[in-house]
Structure formats: C-alpha cells, structure tokens
Amino acid sequence: MNKKTFIACLLFGAFLSLSKQSFAQPDSILQVYSNNFQEERIYIHFDKSSYLPGETIWFKAYIASAIYGSNTSKNFYASFTDSAGNVLQNISIPIMLSSAKALFVIPQNFKGNAIFLKAYTSWMLNFDSAFIYKKAIPIVQQEIKNTASKIPNVALTFFPEGGNLINTLQSKVAFKANTSNGLPIHIWGAVYNNKGKLIDSIRSLHEGMGSFNITPQQGETYTVRWIDEWKNKHTSTLPVAQQEGIVMNVTADDENALVKITRQENATNDYKQLRIVATMHKQLVYRSNVRLINNNSINAAIPVKQLPAGILQITVFNANWLPIAERIFFVKSDDYELPADARIFRPDINKKAKNYLEINIPDEIVTNVSVSVTDADITDFSKENIISSLLLTSDIKGYVPNPVFYFSNNADSTKNYLDLVMLTHGWRKINWTDVAQNKTPTILYPKDSAYLSFAGKVFGATPSQLREAESINAIIKTKDSAIQFLSLPLKKDGSFVQKDFIFFDTITVMYQFNRKKDLSYSTTVNFDNLLLKNTNQLTVDNDVFALTKNDTTGLTKRLQIWTEQKALAKYKQAATLDEVIVKTKFKRPEDKLDAEYATGLFQGGDAYQIDMENNAVAAATVDVFSFLTGRVAGLIVNASTNPPSIKYRDGTPSLYLNEMLVDAVAMQSVTVSDIAYIKIIKPPFFGGGSNGSAGAIAVYTKKGKNNNDAAFRGLDKKKLAGYTITREFYSPDYENNPSLKTERDIRTTLYWNPFVLLGPKNRTVLLHFFNNDFTQKFRIDIQGMNDEGKLICIQKVVP
C-alpha cells in the first residue's frame, strides 16, 4: 500500500477506535459529506509581495480539496477592487492541473495603498463565504501616508476552550486583542469577579493572543481590566458561565491529541455518557464512547502521528447526540512538504547577465510549480506561502498576521502559539444538526461540468418552429478575424450548447436557423458562455484591511524605479510612427504570424514555429502529419496507423485546428496548401481545455486576404465574452538580441513562470533569466504541489 492509499484509508476510518456501538448514524452521512460536498481551498502565488502603480501583478492560483489538488472545478474567478469595493477588473480563466494563471495590470494613476482581491470557484459559493480567498496587495506610493499618530479602535475577545464556561469547572480561556482592522496588539491586565476580587493576571504572549484559567462560581460574573500598547485603559466582560455542561481540554504528546473531559459533580445522565468524534476535511478519523458514571473526568488519546498535516476538528456529544463542546487542533506531521531543491549556478549580478536556475525534486511524482525571481533589495517574501495557506489559514476564519512563522520551526513555544491560533479563530464547522437528520448542504452552484461553453436559447419560437428549424448555425469571428463555424441542434425548450468551447476576449456571433431562415425575424436569441456573471461592486471585509500597512521595503530604490518607469512611458508615447515601423521590420515572419493568428494562451510561449506560406516543402506533402514527420525534435509520427498516431516527449499532444480541439482524423483532412502557420507548443500547455501535459500542435488555416464580412451580410450579429485574455511574461533575451542591451532595464521581476512541470522524465529542470541593470541579490520563490498533495516551497536569497 503506497502512502497516498494509506492516508486515504486513515481518513476513511482506519483510526475508528475504542467503542463503536451507536455510531452508525454519523458514519454514513459523513462519508456522503466527504465524497460529495468536499470544499475547495485556494492559495495564490504572486510574483512578488508588493507593487508600484502601472506594474503587472503576475499570479498563479492553486486549488485544493481535502489533502490533494482539486478536480472539482474547471473555472476560476477573481475580482480586483479598490478599498471602496469598486471593481477594477473581473477575471475568469480555466483551471488546469488544479491551478490557473492570470495577470492584472495596476492602473498607472491608482492612488490607493492596496488593491484588494477576492478569488473563488463557483463550487466555493455554496459554502461559508468567510473561506473565499481574500488578499490585500500593497501598492507603494510616492507619498507614504503617516497614520502612526492615530490611535485605532481596539477590542479584546474571549474564547473558552470547547466553547463555554461551566460553573464549578476549571476552564482554559484564550483571548485575542486586535484593532478594528484585525491587527494584533499587545495588552496586559487582570481578571476580577463581581465583588472586585482578583482572580488572575493576564498578558498577551504572541500576536495579541494569550490564555488564562478560571473556575466560574455560581452567582459570579467576571470582567477583565486591561491596558493596550498606547497605555489606554479598558474593561471587558467574560462570557456568562452555563449552569451545566462539560469542559474539554486538549493537549498533545508526540503521537496523540490528548483530550480530557470533565463533568460537574452533580451532572445529569446526559453528561455521563458521551461521544467523542474527530474529523478532518469532513472525513471521520476517530470516534469513541466515554462513560463518566463513577468518575468526573476521563482522558482519551486520539492518534495523530499518521494523519496528514492540517486541522482536526474534535467534537464532544452528549447522550442525546447534541454537540456540547468543540475545538480544533493542528496536526503538524513531518511529511507535508516535498524536499525539493533549487540553486543558481555561479550567480552573475552584472548588468543584463545571464543566470541559470536549476530545480530538483527527489521522486517521480508529477509536480506542478510556479517560479519567481525578483530583486531581493526591493521585494520581501510574503508572510504567507502555499504551506501556511493550504494547511492553516484557508481553513480558519479571521486574519492571521504571520502564518509562515508557525511552520518555521518545531519549538514547543511555536506549537503553543499555534494552539492559541486554534483557540481564537473560527473554522469550517460541520452542521451537526443536519448530520443528525441525514441532511446534505443545499447546492445553488453545481460542480462545473465544462469549461467555457458556447450556449444560448431561442425566445419567441413555437415548438413546431423549433422542430422545423432543427438547428442553429453560428459563424464565430474573433478579434483577429479568424472564422469558426458551429451547427448546434435545438432542444425542445429552444436551448443549445457546445461545451468546452474555449475562447478568449470577445467574439462576434453571426447566426441563422438551419431549415427555417426567416425564424430570426420573429425570435430573439440570447447567447451565454455559462460562466458566473460579473459584478461592478464588492464588499471589502474589515479583516482584509489589516494587510494594508505601508510596505517600505527598499522604498528609496523603488521610488527611483517608479520615476524611471514614468519617464520611459512618456518616451514610448512620444515615439514617432517611423520609429515604430523601423522596430517592427526586425520581427521574424513566424512572430508576425503568431501575432496575426494566435490568441489568448496560444499566443507566445515556448514553441517551434513554422511559416507554411513560405515553406517550399509544404506544397509537396500529402497531409500535415507527413509534413511534420522528422521535422521537430522529440515529435514522433507513426504513419502506419490510420489515422497516424503522434507522440511528443513521451506523451500525446493535443491537436488544435484554428484553436479548436480536434482529433487526428480532422487534422489529417486539412489540405496543406490551406495552412498558414503551424505551432508545436512545448509542454505544459493549457490553452484549449485539454490535459496539456504533452504540449500541443496548433494548425492555422489561411485567412481571406480581403475579408470584409461580405459573405455574412444580412445575418443577425451579437457579441459574447470569453475567458479573460492573458499573455506570457516578457523577459528580454540579451544573448540572442544584443541590440537590446542599449536600453535601460528596470524590471524588478526578473523571471516568472507559472507552469513548470517536473516528473519521471525530468526530475531536474534548468531555467535561465537575465539580470536587470541594478539588482545585486536575487530572491527566489518556488511554490507548488505534486499529485500526492505534497507541497513545495523553496524561498532563498542569493548570493
């Protein structure tokens, strides 16, 4: 049994221990929750931690479910807003290999100190909105607003372990002190009863958090008199203790979560026979019945050594299956991280110097990572990474100031601080009332059944007219004038759909009905891409504001760069048309064809390009496969099969005709003389909704030279939006284009590659990048995950 299967067995109940009677009820429904209602979590890797106005935010989203990459959703959504919630851009992009890449260009005139991001899948909208990904991205401005003199509003919140204080039972009470925007503050004070008697002193230990013990007594109430870090005095009231119940206390040893349950001396029978249930990602991992007939307390050990890292939810039920105490516990196993490695060979910090970055993984499991190299004097590492996000912050509510810290070492103090986070933050709770009634969550947004689709509905037609029309013919024209044809059958209700019809930006749709051309005069056709609808206004949560502190990392240097950026922008705007023409004369014919024919994710990238219009061999070949035989390194065409089979780098590449996914039969039928451009895209490629792990072959047929839509006159015409258009990260190649060396290079992101795949055939990859004109230290940030759910995070500064 391999590790992946072993962990899966654990999560499905290998640790169902102690007494098992009376547990048939939650077993089956929890398995339904785990199998069918597993929630998704998002982490986003950005190329750097803060930006200047006018810069591009490059990012990659990782989507996880339970302990693996998610296969639930096919479409990813993101909205960038200002502090008032005004949407600057809505983004929708396809998810491939449990991840998605995109970019956002910050407006040059943006004045705020942060841009706010919300990211989600449609499936995530079915559950608690608190777990939608939120991020405040710092924007460095020329004028830093000084708000240090303004004293913020502050609050102190109490969290009894297990949920409630119980009269006559000693309880642990955690607390959290923070500003109204969620920033932690240091406090100290004391607990008093309603008679003014001192009960205990308190002091925050870490990030505004701390704890104390208290034994509430009948008829007493309790307050805390405390002082904040600005020496202001406050008074806060503790929660009122309940008359009856139990107290739960959780500690840990090397192999177990140790649960101690204590009842009152005069407890009713409801609190003498209890059930303990532990779940992880809605999967049952532990259960036991405990009897407190002769004893007031009992200890239970939940084995956690073999569980995956993450949050364990521990719930205690009374004899009537009502939850009476609950808390979360962090399982910090040692095998959540893949011990990958990266290094730069002989770092060269000279101006525009070429550098080589090598990445190694220790096993043959397919690994998907994103890579960023930036100026270490200007940017800093984010206080959150893929490990701290997917294992911790994406599963709890509220702001955690520095989540990376809790994974930086295994000191007992760090573990204790992490347990304070568990005690003071909300979590993804299971609705036990629904579980008891075998009820499942209400789903308003079904799982994605397809990527972007070309769909619509005919309004105003009778059933007999729809039967007579039979189908709708659509002529689809992209912005670069490429033409595609679709003929879709009409359903009884007038709807039609072509699933997984991948396109970017906006298309023009001209249409007519197949067997009843005049039907368009009396009907209306609405087209839809079946993606979620955009909004122009969003609410910015208060806790996200906590991230809007001014980023002053390398401030002087950054503002210098900003001044240069604006000067360069003005220079480019002032360039004459003649200068632009001179520059474009040096563009290769293949690059011109790429700009003319390729769109979206098909454009640019690492590919072998063939200009078919100026290729003497093309006219003498029978089909495209015959032409490609022996022409591209690593591409193997087997002509002995019908149709031919194709292998590229040990995999089967996806085939696209005018960016439409086709099979080998359709591709073989294309007349070679009609082909303008062929592009063999190296893996990975995720542009058209296919697997993409073996790259792609994109064939483009020639466009009409005088295309003025004359053939389509008289047809009804509408617009339809596709996925958000994107582009490849630009990095100058000074080795092959030495003339570029005369230009000033002020890039702060030197390299960004959102999709680097490693696996059995390439456990080591070698990447290269060029320095700018001033960087003295490189900040390397590599993050990702493999197919077994292990996480990769390599962050270092060289030299």
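Everything discussed here concerns the structure shown above.
Residues numbered from 1 in each chain as written. Predicted model: local features only at pLDDT ≥ 70, side-chain atom pairs only at ≥ 80, totals over all residues. Heavy atoms only, no water.

1. Here we look at the pattern of salt bridges
Here is step 1: Throughout the structure, instances matching the rule amount to 26 salt bridges.
Here is step 2: Among the salt bridges present, the one from Glu728 reaches Lys101, with a minimum N-O distance of 3.1 Å. Pair noted here: Glu728 is in the loop between strand S39 (716-721) and strand S40 (749-758) and Lys101 is in strand S6 (residues 99-105), with a separation of 627 residues, a long-range link.
Here is step 3: Residue Glu728 is classed as partly exposed on the basis of its relative accessible area, which comes to 32%.
Here is step 4: Residue classification places Lys101 among the buried positions, given a relative accessible area of 19%.
Here is step 5: Asp773 is the partner of Lys352 in a salt bridge, and the nearest nitrogen-oxygen pair spans 2.5 Å. With Lys352 in the loop between strand S23 (341-345) and strand S24 (354-360) and Asp773 in the loop between strand S41 (764-770) and strand S42 (778-786), this residue pair connects regions lying 421 residues apart in the sequence. Note on accessibility: Lys352 and Asp773 belong to one class, buried.
Here is step 6: Each of Glu39, Arg41, Lys282, Asp395 and Arg428 takes part in a single network of salt bridges with overlapping partners. (Salt bridge = Lys/Arg side-chain N within 4 Å of Asp/Glu carboxyl O. Helix = DSSP H or I, 4+ residues; strand = E, 2+ residues; numbered from the N terminus. Buried < 20%, exposed > 50% of the residue type's maximum accessible area, 1.4 Å probe, protein only.)

2. Side note on the packing of aromatic side chains
Here is step 1: Under the counting rule described, the total for this entry stands at 30 aromatic pairs.
Here is step 2: Taking 5.7 Å as the distance between ring centres and 45° as the angle between the ring planes, the aromatic pair formed by Phe504 and Tyr723 counts as tilted. Taken together, the residues Phe504 in the loop between strand S29 (495-498) and strand S30 (506-513) and Tyr723 in the loop between S39 and S40 connect sequence positions 219 residues apart.
Here is step 3: What makes Phe504 buried here is its relative accessible area of 8%.
Here is step 4: The side chain of Arg428 reaches across the aromatic face of Phe131, ending 4.2 Å from its centre. (Phe/Tyr/Trp six-rings, centres within 6.5 Å; stacked < 30°, edge-to-face > 60°. Lys NZ or Arg CZ within 6 Å of the ring centre and 35° of its normal.)

3. A short note on helix H9 (residues 589-597)
Here is step 1: Of the residues making up H9, those classed as buried are Glu590, Leu593, Asp594 and Tyr597. Around the axis of H9, the buried residues are gathered within 100° of arc, so they sit on the same side.
Here is step 2: Contacts from the buried residues of H9 go to strand S32 (607-611), strand S37 (675-681) and strand S38 (696-701). (Arc of directions from axis to C-beta. Contact = heavy atoms within 4.5 Å.)

4. Brief notes about the sheet that holds strand S35 (residues 654-657)
Pairing between sheet strands relies on hydrogen bonds along the backbone, with the strands arranged either parallel or antiparallel.
Here is step 1: Taken in spatial order, the five strands of this open sheet run S32-S37-S38-S35-S36, and their pairing is mixed. A single partner strand is all that each edge strand has here, and the edge strands are S32 and strand S36 (660-662). Mean inter-strand twist for the sheet, computed between neighbouring axes without regard to direction, equals 25°.
Here is step 2: Along the sheet, H9 contacts S32, S37 and S38; its crossing angle with S37, the most-contacted strand, is approximately 95°. (Pairing = 2+ DSSP bridges. Axes fitted to C-alpha atoms, helices over the stretch in contact; angles between N-to-C directions.)

5. Regarding the nonpolar core
Here is step 1: Ile44, Phe76 and Phe454 are the most contacted members of the largest nonpolar core, which totals 61 residues.
Here is step 2: Judged by nonpolar contacts, the second largest core, of 28 residues, contains Ala309, Ile311, Ile328 and Tyr336. (Core = buried A, V, L, I, M, F, W, Y, C linked by side-chain atoms within 4.5 Å.)

6. Side note on the environment of Asn736
Here is step 1: Counting through the fold element by element, Asn736 comes out in the loop between S39 and S40.
Here is step 2: Polar side-chain contacts of Asn736 include one of 2.8 Å to the side chain of Asp733. (Polar contact = N/O pair within 3.5 Å; in protein donor to acceptor, adjacent residues only side chain to side chain.)

7. Some words on empty space enclosed by the protein
Once rolled over the atoms, a probe with the size of a water molecule shows which space is left empty.
Here is step 1: Evaluation of the coordinates by the stated rule reveals nine cavities of 30 Å³ or more.
Here is step 2: By volume, the second largest cavity amounts to about 200 Å³.
Here is step 3: Along the walls of the second largest cavity sit 14 residues, with Met280, His281, Lys282, Asp395 and Arg428 positioned nearest its centre.
Here is step 4: For the lining of the second largest cavity, the elements supplying multiple residues, two or more each, are strand S18 (273-280) and strand S21 (310-317).
Here is step 5: Along the lines of polarity and charge, the residues of the lining of the second largest cavity split into five nonpolar, four polar and five charged. (1 Å grid on protein atoms, 1.4 Å probe; cavity = no way out; pocket = protein on both sides within 12 Å on 5 of 7 lines; lining within 4 Å. Points joined across faces, edges and corners; volume = space filled by probe spheres on them. Nonpolar A, V, L, I, M, F, W, Y, C, P; charged D, E, K, R; others polar.)

8. Some words on the sheet that holds strand S14 (residues 222-227)
Here is step 1: Read from one edge of the open sheet, four strands run S12-S11-S14-S15, paired in antiparallel fashion. Among the strands making up the open sheet, the edge pair consists of strand S12 (198-203) and strand S15 (233-237). Each neighbouring strand pair of the sheet contributes to a mean axis angle of 20°, computed without reference to strand direction.
Here is step 2: For strand S11 (residues 188-193) and S12, the ladder comprises five bridges, and the chain directions are antiparallel. Bridging from a neighbouring strand, Tyr192 pairs with Leu198 of S12.

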